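One-letter residues, chain by chain:
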Amino acid sequence: MSDSARDKALQIHDIIVAECTPPGRAAISLVRLSGPGAAELASKLHPDIATQASRRAYLRTLRHDGQVLDEAIVTVFPAPRSYTGQDTVEISLHGNPLIVGRVISALIQAGARSAEPGEFTRRAYLNGRLPLVRAEAVAQLIHAESDAALRAARRLYEGGLEKRLEKIRAALLDLLAEVEALIDFVEEDIEPRELKVLHEDCQALNQQLHQLLGSLAQGRILSQGISVAIAGLPNAGKSSLLNALAQRDRAIVAPTPGTTRDTIEVALQWDGIAIRLIDTAGLRDTADPVEQEGVRRSREALAVADIILWVSDATVPADVSFPPQDIISSTAQLIHVINKTDLLAHPSSPSDNLAFKNNSDVPDPLCVSALTGLGIAELRARIITKALGTSAQDADALTIHEHHQATLRQAHQYLAQAAEALRSGLYLDLCAIDLRSALSAISSITERVDNEELLGAIFSRFCIGK
């Protein structure tokens, strides 16, 4: 055990304290105390706390050094039936930061220490109250910024990932047993049909894992939201498009090219999904140092966007306003939007500029008019579909720590190798090794983890007090 791990193991017996409600003025603020002997320590502020009945709320006048701190509601939760699995005391105070600060200071003087971010939930995990993936879900429930993200977090907290993994794991155990049985009788002829069935079973399992990884990718988008950068040449109508999508005048619109000199962001929710629209400066070579800085910031926004809307002016030749190759080749999803179609004779289809339609690099451009609203609803739907996939549904979406996602991707690769070995029928020993490796990887997601670096990375994302 490393020194840091040993220190953490010793610290689990400390009594920790923190405010669990957001700092600031409110009707009520909650202070939580957890650790062996928490009720006895809290009784230094009121003598009856140590002996009061568990899980019942009592009105207590808290005192320290002869001074009244506050009248509070105090509830004691003895180990192991508490959130952390340890003795826990929860104190509901009047929501004044001065009162909260004095109560916490008094408890620290009495022997507690300030809790680190996520330390209460970390103790819940270490004491077997929460599996690690459900502990991760606690942070997601707190930080969810959209209805869809909240649903994904709730699904994870209720064991959605564990149930799907257990189903895959059970089938994988059966498959491994059958392969090992064939190895034991390798001197006998193996029916090709038997290998074919095992190969199909292995592929079906890998498909389930592939779908799970897709759910995790969707979950990441739902948790973090969809970043949509609006790009194009100057005066293509990017700011007008931002306003049309946001349904309010957020960006300044003017006929003069180069009006937008900086990125402008708008946070929205579409169908319960968090969307961040980013209007960028028109991309062109310019001698103006201010506009040059705007272009540089635009490039930065495009580099991290999930989706790029490249806006072309329908009245400008395609060879001038078509997306440049670096935009087409970017890692973001690309939607080519032909704006200002209200200026054409046939607004729904710019037939006078077939080059837009016929370019295979960016097929199926979408014709819109930010002025009249033509195509805006369809553009919104296409953005959601591009981000979430063809189904655009979040019914199975989950999101977990990147380390666990990487572990599942490894399991996916092991199963692919095992399926190939079964297809060839020549490498059953190697197939069994790959199946065991996949089984081990999947099992590690729900088993107890003692990796201090991984635990630190997960729980550091929590707020203090949780």
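Residues numbered from 1 in each chain as written. Predicted model: local features only at pLDDT ≥ 70, side-chain atom pairs only at ≥ 80, totals over all residues. Heavy atoms only, no water.

Student: Quick question: what am I supposed to make of the sheet that holds strand E3 (residues 58–64) here?
Tutor: Within a sheet, adjacent strands bond to each other through the backbone by hydrogen bonds, running parallel or antiparallel. Ordered by their spatial adjacency, six strands build an open sheet running E3-E4-E5-E2-E1-E6, and the pairing between neighbours is mixed. The open sheet is flanked by E3 and strand E6 (113–114), the only strands paired with a single partner. Where E3 lies against strand E4 (residues 67–77), seven bridges are found, and the strand directions are antiparallel. Looking across to E4, one finds that Tyr58 is bridged to Val74. Contacting strand E1 (16–19), strand E2 (26–34), E3, E4, strand E5 (88–95) and E6, helix H3 (residues 97–110) crosses the sheet at an angle of about 150° to E5. (Pairing = 2+ DSSP bridges. Helix = DSSP H or I, 4+ residues; strand = E, 2+ residues; numbered from the N terminus. Contact = heavy atoms within 4.5 Å. Axes fitted to C-alpha atoms, helices over the stretch in contact; angles between N-to-C directions.)

Student: Sorry if this is basic, but what is going on with the environment of His403 here?
Tutor: By the secondary structure assignment, His403 is in helix H15 (residues 402–424). For the pair formed by His403 and Ile445, sequence separation is 42 residues and the distance between their alpha carbons is 9.4 Å.

Student: Where do I start with the environment of Asp434 in this structure?
Tutor: Among the secondary structure elements, Asp434 is positioned in helix H16 (residues 428–446). Its relative accessible area of 12% is what places Asp434 among the buried residues. A C-alpha to C-alpha distance of 9.4 Å links Asp434 and Ala421, two positions 13 residues apart in sequence. Among all residues touching Asp434, those that are not within four sequence positions of it are Tyr414, Gln417 and Ala418. (Buried < 20%, exposed > 50% of the residue type's maximum accessible area, 1.4 Å probe, protein only.)

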